[in-house]
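# Understanding the architecture of this molecule
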Amino acid sequence: MPYRVFKKSQPKSHITVLPDLGMDEQHLTADFKRYYGHRLGRDETCRSPHYAYEALSLAVSDRLIERWKKTYIAYKQQDCKRGYYLSMEFLMGRTLSNAVLNLGMDDVVAKAMYGLGLELEELIESEPDAGLGNGGLGRLAACFIDSCATLQLPVTGYGLRYEYGMFCQDVVNGEQVEKPDHWLRNGNMWEIERAEYTQRIKFGGHTETHVDELGNKKVYWVDTHDVLAVPFDTPIPGYRNGTVNTLRLWKAAATEEFDLQDFNAGDYAEAVEAKNTAENITMVLYPNDANENGKALRLRQQYLLTSASLQDVIGSWIGRHGNDFSEFAAKNCFQLNDTHPSIAVAELMRLLMDNHGLSWGQAWDITSSTMAYTNHTLLPEALERWSVTLFKQWLPRIMEIIFDINAHFLAEVSAHYPGDRDRLARMSLIEEGHEQYVRMAYLAIVGSYSVNGVAVLHSKLLQQGLFRDFYEFWPHKFNNKTNGVTPRRWLAACNPELATLITETIGEGWITDLSLLTKLKPYADDQAFRKRWYAVQQQAKQKLVDFKKLELDVDLHVDALFDVQVKRVHEYKRQLLNVLHVIHLYDRIKRGDTENWTKRCVLIGGKAAPGYFMAKRIIKLINNVASVINHDPDVGDKLKLIFLPNYRVSAMEKICPGADLSEQISTAGKEASGTGNMKFMMNGALTIGTLDGANIEIREEVGDENFFLFGLTEEQVEEMRHHYDPVSLINQDECLQRVVKLLECGHFNQFEPGIFDPIIASIKSPQDPWMTIADFRSFVNAQKQVEAAYQDKERWTKMSILNCASSGKFSTDRTITEYNNEIWKLDTICIDNNY
Ligand code: 26Q
């Protein structure tokens, strides 16, 4: 440890013993005032809510830190088995309201702020989102660590502290414009820098092999250009249980020697440049973008995360057990969030062998019984492959170890399948060809004792498709863990009115045992209850309308069906199918086919990867169609189409309580799970969806009659591929023909000729992988069912109650319990604290 504050001989623990902080209004108010006046130097003349947010956050944070320390001590004293969630993304969103809820201070805080004449909502809104993730995978990591803390599991999240998170999306002339997200500009109230746990990360250089007198081989990785990884910790509170776990995010920094070397040689500017190169590593989150694959900076990010985290875990192990690794595997496990941190397999081997003197066999036993891998995608283009050349250049020692792992692995395969050369080539960690590539998913599978998908269908398709050979070889490694979302953020906090109604009806146990929501089912038949449910939902819709009115200056009406699709914009998610349906409704209005019309407001939001041309063009199409429809006096309030800019966690917290209909319309077999679908269901929205990802399980839970199903199954999609003929499907369907004609004649791009040609060409192509046209008719028919149901208010409300009541399975508390029972096997650790 580079910094030692206290002399070893002198116990100083008394200076850290403090009386517990008061959890009442008086103590909180006093702390708030002290921070506001003394620490932040503000007074009543300050008009910005930002400083009041900071003062409140500091006061709340003090109360978290108290419990954090107790949790830390309990884990240390019990020397319990620990879990580590390694992820390149933690999409945390805002922290204040979640911390207040989990500490059980919501009433106290509301009263204290009211007493001070402050608008709590305004303070909460002034917190920027921590947008350190792209979408589902990053938000899942955030929900997981919330559940781990709530379930009192000793799990630490390890990630990167990007200076710039997910870009901010502006819409200019209907087009996405990216702006940097400098979320740390005004500081971060929730993190603590722990420079004393800084780790050193090697890059570049080369390896040297020495054989000692006993004939033992030892490898040295030398002449490296090292970078420092400095940890910043954020407390992760469980729900009112005294547990506060840790999210540790690494920031890259230059070593001092690095700049001194150049500086002494007189190259001041070069020294500063070297510093920049090092610090660039954690500068920006990569958007999920096929065009960004293979970039050296991304590889360096991945290695910094895995090496720093593993060194940190080993360092703390050695602090407790010395150089004895015999119990290491029994007491540690690492969950890899996709292949992004899968270099961990090779890095743990390196650390154990090169730094701690273990043999290959000892190191492999430990590695392959501590690593577990979660896959999040079936799209082949999204599977990570790194060029061997790049790997050798930046991580030469790691590349050697991967070759060694591969040699051992292929020997095992060929012993099992003698003479099967094709199989060896298929399963090799190295893809051969003009250039060699490392197949990261295979490295993760070989190095892990558990491999899971994130929904039943997805896990099945992994076993039968992408990872078939591996499943045949090691069936015991494969399992499914259906995703979830945390009910604290995604119901209790984001929809307090509905949460109150639920708690008044069935008690508050659902917040930590979501299966209790089934107790709501009988109330679906209770007319008085339905009336209250409906009123709460209308209120949530009004809140969303008011909010959008402020932001977008649009007039929406709560009597319309709120039809919502928010998620990353990607062709497989088929925002295009949604737009085709909207154009069809518009065409019906223009034709006067409006008998028994259901007013509908279609809301679409999501970011496109900056280099993804088609996705960006789809956003432009949505905006152009919106502009035509919303300005057409014939349409009026029968139909609205709104693009919601800058979709992010804090936006979803406002959107999901106000949604009637949740669009989950991906091509079957393409969406691994989806988690937005679960947030909507929990808040009482109905789903229109394909048999894809977790939709299948959602439908199973809520029953066919409460779910609007459409589209081809995954098998039908694969079967139809061979003879897919979208043009003839268009010709057979008059409505669809009219929709395509409207697009082709430039109705939505009168002054921008040709801009939608690539979109038209893609849906008309027999090669269209997403087969949008194939599902159009079935989608339109399902939407008619939606309209019929919506027109019957009692029926719709009943379905809404049943959706919420059936959403218990989709809590991450259930998901994490399964991870723990079947993969991690950690004991729960009670923290002695009256929360
Ligand atoms: C890869 C290479 C270079 C740069 C970035 C990336 C990258 C980054 C993020 C690749 C993928 C991601 C994110 C993927 C993701 O969010 N997948 C989603 O995971 C959810 C949680 O399991 C599922 O519910 C979704 O179905 C799945 O799409």
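Note that the coordinates shown come from a computational prediction; the quantities given were computed from them, not determined experimentally.

## Considering the overall build of the protein chain
Within the protein chain, the secondary structure is distributed over 33 helices and 25 strands. In terms of overall dimensions, the protein chain is globule-like: its C-alpha atoms have a radius of gyration of 28 Å, near the 28 Å expected for 835 residues. Counting only C-alpha atoms and orienting by the principal axes, one finds that the protein chain spans roughly 90 × 75 × 60 Å. Out of the 835 residues in the protein chain, the part that is buried amounts to 59%.

## Comments concerning the pattern of salt bridges
Using the criterion set out here, one finds 56 salt bridges in the structure. For Asp587, the salt bridge is made with Arg738, and the minimal N-O distance between the two is 2.8 Å. Of the two residues, Asp587 is situated in helix α22 (residues 575–591) and Arg738 in helix α29 (residues 734–744); the sequence distance between them amounts to 151 residues. You can call Asp587 buried: its relative accessible area is 5%. We classify Arg738 as partly exposed; its relative accessible area is 33%. With a shortest N-O distance of 2.6 Å, Lys590 and Asp632 are connected by a salt bridge. Within this pair, whereas Lys590 is found in helix α22, its partner Asp632 is found in the loop between α23 (613–630) and β22 (639–644), the two being separated by 42 residues in sequence. Classification of Lys590 as partly exposed rests on a relative accessible area of 39%. Through salt bridges with shared partners, a single ionic network connects Asp420, Arg423, Arg426, Asp469 and Glu472.

## Regarding the nonpolar core
Ranked by internal contacts, the top residues of the largest apolar core, which has 108 residues, are Phe391, Ile402, Phe409 and Phe470. Sequence-distant contacts of Phe409, that is, excluding residues within four places in its chain, are made with Met427, Leu429, Val446, Phe470, Phe473 and Trp474. One finds Val579, Leu580, Ile622 and Met720 within the second-largest nonpolar core, a separate group that totals 65 residues.

## Describing the environment of Gly465
Its place among the elements puts Gly465 in the loop between α17 (456–464) and α18 (468–473). Since its relative accessible area comes to 39%, Gly465 is described here as partly exposed. Sequence separation between Gly465 and Arg194 is 271 residues; the distance between their C-alpha atoms is 44 Å.

## Side note on the site of the ligand
The local shell around the ligand holds 19 residues, among which Leu137, His376, Asn483, Glu671 and Gly674 are the closest. Against a free-state accessible area of 610 Å², the protein chains account for coverage of 91% of the ligand. The element best represented in the shell around the ligand is helix α6 (residues 136–150), accounting for three residues. Looking at the shell around the ligand residue by residue, the class counts come to seven nonpolar, nine polar and three charged.

## Considerations on the pairing of strand β12 (residues 244–254)
Looking along a regular strand, one sees side chains alternate from face to face of the sheet. The buried fraction of β12 is high, at 10 of 11 residues. Direction of pairing for strand β4 (residues 155–160) relative to β12: parallel, over a ladder of four bridges. Across the sheet, the residue bridging to Gly157 is Leu247, located in β12. As judged from the 11 bridges shared by strand β11 (residues 227–237) and β12, these two strands associate in the antiparallel manner. Residue Phe232 lies in a different strand from β12, and its bridge partner there is Leu249. Between β11 and β12, which follow one another and run antiparallel, lie six residues, and Arg240 among them has a positive phi close to 50°.

## Some details on the environment of Thr812
Here Thr812 shows up in helix α33 (residues 812–824). A residue is classified by how much of its surface remains accessible, and Thr812, at 0% relative accessible area, is buried. A sequence separation of 326 residues divides Thr812 from Thr486, and the C-alpha atoms of the two residues are 5.3 Å apart. When sequence neighbours within four positions are dropped, the list of residues in contact with Thr812 reads Cys143, Phe144, Ser147, Gly484, Val485 and Thr486.

## Details of the packing of aromatic side chains
Taken as a whole and judged by the stated rule, the model has 30 aromatic pairs. Their ring planes at 80° and their centres at 5.3 Å tell us that Trp317 and Phe328 sit as a pair that is edge-to-face. One end of the pair, Trp317, is in helix α9 (residues 296–321); the other, Phe328, is in helix α10 (residues 328–331), with 11 residues separating them in the sequence. Assessed through its relative accessible area of 0%, Phe328 is described here as buried. Through a chain of ring-to-ring contacts, three or more aromatic side chains come together here, namely Tyr373, Phe409, Tyr417, Tyr442, Phe467, Phe470, Phe473 and Trp474.

## Some details on the side chain of Arg488
Its location among the elements puts Arg488 in helix α19 (residues 487–493). According to the relative accessible area criterion, Arg488 is buried, its value standing at 0%. Within polar-contact distance, the side chain of Arg488 engages the side chain of Asp146 at 2.9 Å. Looking at Arg488, its side chain comes within polar contact range of the side chain of Thr150, at 3.4 Å.

## Side note on the sheet that holds strand β24 (residues 686–689)
With respect to topology, six strands assemble into an open sheet ordered β22-β21-β20-β23-β24-β25, the strand pairing being parallel. In this open sheet, the two strands that pair with only one neighbour each are β22 and β25 (708–709). Where helix α32 (residues 793–805) meets the sheet, it contacts β20 (561–566), β23 (661–664), β24 and β25, and its direction lies at approximately 85° from that of β24.

## Looking at the packing of α22 against α23
For the pair α22 and α23, interaxial distance at closest approach is 10 Å and the crossing angle is 15°. With respect to their mutual orientation, α22 and α23 come out roughly parallel. You can see that α22 and α23 cross each other, and the crossing is left-handed. Counted together, Gln575, Leu576, Val579, Val582, Ile583 and Tyr586 of α22 and Ile618, Leu621, Ile622, Val625, Val628 and Ile629 of α23 form the full contact between these two elements. Across the contact of α22 with α23, the residue classes tally to 11 nonpolar, one polar and no charged.

## Description of the sheet that holds strand β16 (residues 430–431)
With antiparallel pairing, three strands are arranged side by side in an open sheet as β15-β17-β16. Looking at which strands have only one partner, the edges of the open sheet turn out to be β15 (385–387) and β16. As defined by bridge partners, β16 adjoins strand β17 (residues 437–439) across two bridges and the pair is classed as antiparallel. Looking at the pairing, Glu431 lines up with Tyr437 of β17.

## A short note on the side chain of Ser800
Residue position: Ser800 is located in helix α32. For Ser800, the contacting residues outside a window of four places in its chain are Trp533, Gln537, Gly684 and Leu686.

## Description of the pairing of strand β1 (residues 82–86)
Most of β1 is tucked away: five of the five residues are buried. Note that β1 and strand β13 (residues 332–337) share five bridges and pair parallel. Bridge pairing in β13 places Tyr85 opposite Gln335. As paired strands, β1 and β4 are joined by four bridges and run parallel to one another. Its bridge partner being in β4, Leu86 is matched across the sheet by Tyr158.

## Some remarks on the environment of Thr255
Among the structural elements, Thr255 can be located in the loop between β12 and α7 (256–264). Judged by relative accessible area, Thr255 falls into the buried class, the value being 2%. In this structure, the C-alpha to C-alpha distance between Thr255 and Ala278, residues 23 residues apart in sequence, is 8.5 Å. Setting aside chain neighbours within four positions, we find Thr255 in contact with Arg200, Asp226, Val227 and Leu228.

## Quick word on the packing of α9 against helix α11 (residues 344–355)
The contact between α9 and α11 brings their axes to 10 Å, and the two run at 45°. Here α9 lies oblique to α11, going by the angle between them. Judged by the sense of rotation from one axis to the other, the crossing of α9 with α11 is right-handed. In this structure, α9 contributes Tyr303, Thr306, Ser307, Leu310, Gln311 and Ile314 to the contact, and α11 contributes Ala344, Glu347, Leu348, Arg350, Leu351 and Leu352.

The rules behind each value
- Just so you know, the residues in each chain are numbered from 1, in the order the chain's sequence is written.
- The model is predicted, so local features are restricted to residues of pLDDT at least 70 and side-chain atom pairs to those at 80 or more, both for listing and for counting; the totals for chains, interfaces and linings are taken over all residues.
- For the side-chain quantities, the full set of heavy atoms in the structure was used; hydrogens and water were omitted.
- A run of H or I in DSSP becomes a helix once it reaches four residues, and a run of E becomes a strand once it reaches two; helices and strands are each numbered from the N terminus.
- Throughout, the radius of gyration refers to the C-alpha atoms, and the reference size of a globule is 2.2 Å times the residue count to the power 0.38.
- Per-residue accessibility, obtained with a 1.4 Å probe over protein chains only, is compared with the maximum for each type, and a residue is labelled buried under 20%, exposed over 50%, and partly exposed between these values.
- By definition, a salt bridge exists where a carboxyl oxygen of Asp or Glu is found within 4 Å of a side-chain nitrogen of Lys or Arg.
- Joining through side-chain atoms within 4.5 Å is the link that ties buried Ala, Val, Leu, Ile, Met, Phe, Trp, Tyr and Cys residues into a set, and such a set is a nonpolar core.
- The contact criterion used throughout is that any non-hydrogen atoms of two residues lie within 4.5 Å.
- Each residue is tested against the molecule or strand, and it is near if at least one of its non-hydrogen atoms lies within 4 Å.
- Areas reported here follow the Shrake-Rupley algorithm with a probe of radius 1.4 Å; residue values treat only the protein chains shown as occluding.
- Gly falls in the polar group here, along with every residue not listed as nonpolar (Ala, Val, Leu, Ile, Met, Phe, Trp, Tyr, Cys, Pro) or charged (Asp, Glu, Lys, Arg).
- Any two strands are treated as partners once DSSP identifies two or more bridges connecting them.
- Aromatic contacts are taken between Phe, Tyr and Trp rings whose centres are within 6.5 Å, Trp giving its six-membered ring; a plane angle under 30 degrees counts as stacked, one over 60 as edge-to-face, and the others as tilted.
- Distance and chemistry together define a polar contact, namely a pair of N or O atoms within 3.5 Å, with one atom able to donate a hydrogen and the other to accept it when in protein, and with adjacent residues in sequence counting only for side-chain atoms on both sides.
- Note on definitions: angles span 0 to 180 degrees between N-to-C directions of axes, and those axes are lines fitted to C-alpha atoms, for helices only across the stretch in contact.
- Oblique is the label for any angle not under 35 degrees, not over 145, and not in the 65 to 115 range, which are roughly parallel, roughly antiparallel and roughly perpendicular in turn.
- Handedness of a helix crossing follows the sense of rotation of the near helix relative to the far helix, less than a right angle counterclockwise being left-handed and clockwise being right-handed.

Shape is all these values report; function is a separate question.
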